[in-house]
Amino acid sequence: MRPLRACLGAAAAVTLAAAGTTALVTTDASGATTALSNRWYAAAPYLMPLDNDPPDPAAIMDATGLKAFQLAFVLAPNGGGCSPTWGGTAAVSSDTAVQSVISTIRAKGGDVSVSIGGYGGTKLGQTCADAASTAAAYQQVITKYGLHAIDFDLEEPEYENTAAIRNEIGAAKILQQNNPGLYVSVTTAGTADGTGWFGKQMLLEAKSQGFTPNNFSIMPFDGGFNGAASQTAALTSFNSILQSTFGWDQATAYAHEGFSGMNGRSDTGEYFTQADFQTVLDYATSHNMDRFTFWSLNRDRQCTPADNGGRTSGTCSSVAQNSWDFAKYSVKFAGVTPPTTTPTPTPTPTPTSCKAAWSAAAVYVKDDEASYGGHNWKAKWWTQNEVPGASEWGPWQDEGAC
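None of these values were measured; they are calculated from a predicted model. (Residues numbered from 1 in each chain as written. Predicted model: local features only at pLDDT ≥ 70, side-chain atom pairs only at ≥ 80, totals over all residues. Heavy atoms only, no water.)

Undergrad: Lay out the overall build of the chain with the relevant residues and their values.
TA: On a plain count of helices and strands, the chain comes out with 12 helices and 17 strands. Each of the 402 residues in the chain was classed as buried or not, and the buried ones make up 56%. Per element, the accessible surface of the chain, about 14600 Å² overall, is 53% carbon and sulfur. (Helix = DSSP H or I, 4+ residues; strand = E, 2+ residues; numbered from the N terminus. Buried < 20%, exposed > 50% of the residue type's maximum accessible area, 1.4 Å probe, protein only. Areas by Shrake-Rupley, 256 points an atom, 1.4 Å probe, with all protein chains shown as cover.)

Undergrad: Describe in detail the state of the cysteines, supporting the description with residues and values.
TA: For the structure on display, the rule yields three disulfides. Here Cys 82 engages in a disulfide with Cys 128; their sulfurs sit 2.0 Å apart. One quick way to see it: the torsion about the S-S bond of Cys 82 and Cys 128 is about 100°, and its sign makes the bridge right-handed. Here Cys 82, found in the loop between β2 (68-75) and β3 (85-86), pairs with Cys 128, found in the loop between α5 (124-127) and α6 (131-145); they are 46 residues apart in sequence, far enough to count as distant. The partly exposed category is assigned to Cys 82, whose relative accessible area is 31%. Each sulfur of the disulfide joining Cys 354 and Cys 402 lies 2.1 Å from the other. (Disulfide = S-S within 2.5 Å.)

Undergrad: Explain the pattern of salt bridges to me, and be specific about the residues and the numbers.
TA: The final tally for this structure, using the stated rule, is eight salt bridges. Put simply, Lys 108 and Asp 62 hold a salt bridge, and the shortest N to O gap is 2.8 Å. Placement of Lys 108 in the loop between α4 (97-107) and β5 (111-117) and of Asp 62 in helix α3 (residues 57-64) is noted, with a sequence separation of 46 residues between them. A salt bridge links Arg 106 to Asp 111; its shortest N-O distance comes to 2.8 Å. Pair check on accessibility: Arg 106 and Asp 111 agree, each one buried. (Salt bridge = Lys/Arg side-chain N within 4 Å of Asp/Glu carboxyl O.)

Undergrad: Outline the nonpolar core, supporting the account with residue identities and numerical values.
TA: Formed by 94 residues in total, the largest nonpolar core has its most connected members in Phe 69, Phe 152, Phe 216 and Phe 292. For Phe 216, the contacting residues outside a window of four places in its chain are Val 186, Met 202, Leu 203, Ala 206, Phe 238, Leu 242, Phe 246, Trp 248, His 256, Glu 257 and Gly 258. Formed by six residues, the second largest nonpolar core is a distinct cluster that contains Trp 358, Tyr 364, Trp 377 and Ala 379. (Core = buried A, V, L, I, M, F, W, Y, C linked by side-chain atoms within 4.5 Å. Contact = heavy atoms within 4.5 Å.)

Undergrad: Talk me through the pairing of strand β7 (residues 183-189); I want residue IDs and the actual numbers.
TA: The buried fraction of β7 is high, at six of seven residues. Relative to β7, strand β6 (residues 149-153) runs parallel, the two sharing five bridges. Along β7, the bridge assignment pairs Asp 153 with Thr 187. The β-α-β motif built from β6, the intervening helix α7 (residues 162-178) and the parallel element β7 has right-handed crossover chirality. Inspection of the sheet shows β7 paired to strand β8 (residues 215-219) by five bridges, in the parallel sense. Considered in β8, the bridge of Ala 189 is made with Met 219. In this view, the connection linking β7 to its parallel neighbour β8 by way of helix α8 (residues 197-209) has right-handed handedness. (Pairing = 2+ DSSP bridges. Right-handed = clockwise from strand over helix to strand, strands pointing away.)

Undergrad: Summarise α6; cite the residues concerned and give the values.
TA: Compared with an ideal rise of 1.5 Å per residue, which puts 15 residues at 21 Å, α6 spans 21 Å between its outermost C-alpha atoms and is within 8% of the ideal. Inspection of α6 places Ala 131, Thr 134, Ala 135, Ala 137, Tyr 138, Val 141, Ile 142 and Tyr 145 among the buried residues, and these make up the whole buried set. Where α6 begins, the side chain of Asp 130 points an oxygen toward the backbone nitrogen of Ala 132, at a separation of 3.3 Å. Just downstream of α6 lies Gly 146, where phi reads positive at about 60°. (Expected span 1.5 Å × (residues − 1). Polar contact = N/O pair within 3.5 Å; in protein donor to acceptor, adjacent residues only side chain to side chain.)

Undergrad: Please provide a residue-by-residue account of the confidence of the model for the chain, values included.
TA: Of the residues in the chain, 87% have a pLDDT of 70 or more, and the chain-wide mean is 88. Low pLDDT (under 50) marks residues 1-30, which in the prediction has 97 contacts with non-local residues, meaning those over four places away or in another chain. (pLDDT = per-residue confidence, 0-100.)

Undergrad: Residues and numbers for the sheet that holds strand β17 (residues 396-401), please.
TA: The strand order across the open sheet formed by three strands is β14-β15-β17, and the pairing between neighbours is antiparallel. A single partner strand is all that each edge strand has here, and the edge strands are β14 (369-372) and β17. Each adjacent strand pair in this sheet contributes to an overall mean axis angle of 30°, direction not counted. Sheet analysis places β14 next to strand β15 (residues 375-379), joined by four bridges and oriented antiparallel. Its bridge partner being in β15, Ser 371 is matched across the sheet by Asn 376. (Axes fitted to C-alpha atoms, helices over the stretch in contact; angles between N-to-C directions.)

Undergrad: Summarise the environment of Phe 294; cite the residues concerned and give the values.
TA: Position of Phe 294 among the secondary structure elements: in strand β12 (residues 291-295). Looking at Phe 294, the relative accessible area reads 0%, which means it is buried. Taking the C-alpha atoms as reference, Phe 294 lies 4.4 Å from Gly 261; in sequence the two are 33 residues apart. Apart from the residues within four sequence positions on either side, Phe 294 is in contact with Pro 45, Tyr 46, Gly 261, Asn 263, Phe 277, Asp 300, Phe 326, Ala 327 and Ser 330.

And the structure:
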């Protein structure tokens, strides 16, 4: 849904899992930084810097001790082509908005990874001609932001496209070779059996190309899951898939395995609470897994009373929480104790007046506003007859109750 080095041997990965996470970040004139420890990139939660009411990363860092963020998502242009954009609309080459977010994070001693792909939009693996051109597009992102980590979020519908997955895996291998030390994660769908048929085909493609990232992560939600026990069972099954696919023993497979969860209410109405996150965190650390992340920081805050628990939102969790509760589990995975002070829950905003009612017949373009279901909504791109709130990754951004 979301969501993006050099290959580590099993011993190295296990050592990394247990290592300290002291991270010295310095910035040169170009804005590039020295890398954090890989454990921080492995713990980086997803953040949409341009959509879903982006929170202030500096405030999150101060409240939780978090140092790394997984910025989402780099896609192909909505109109087609093989050049990287943020969300299909904002060209990476001319970007200043995301660069400003990155500069804020780095100024406080943190760093970012960038995630490519995700659930919505057109992916570069679908539009670029081959692996080399796909890699060249992603290299622009790495160079622009001085990246030390990148995430390939390979899911539907892209991972159902054999040629696109060949391009993505091939690009990941090229980037790994051309950027020594680059931390590479590959994130894909999770099922009760670990991952589905297309996820298994993706693993076989990686094997055929001789590509081994730092980890393959699954997203055990939106597939009939019910709390932490179902998620850890899926992680155990996925470990067996990694063993049988790559010929690894159990420890080596865990050293290349990751978890990417969804905090609060999932798209299909599943609920994952702070207690569930703690259970999965304990599983991940006790098995020396390489990665623990979640979707998303934009959602890591409490909804208004009218919404809490009633629907899935891109801007709040729909469970009772203090702001940034879930980010603290990422900090723990990185090996750091979060601050003991409890953040104050996000104040309930005063409802604003409602915009003109949404109409199925009307055409809306980017930044047009309409009201629906007691909320105001802003169009992310051109849309017609797409109900606001029907999908978190649809064309409408929730602006809150009205």
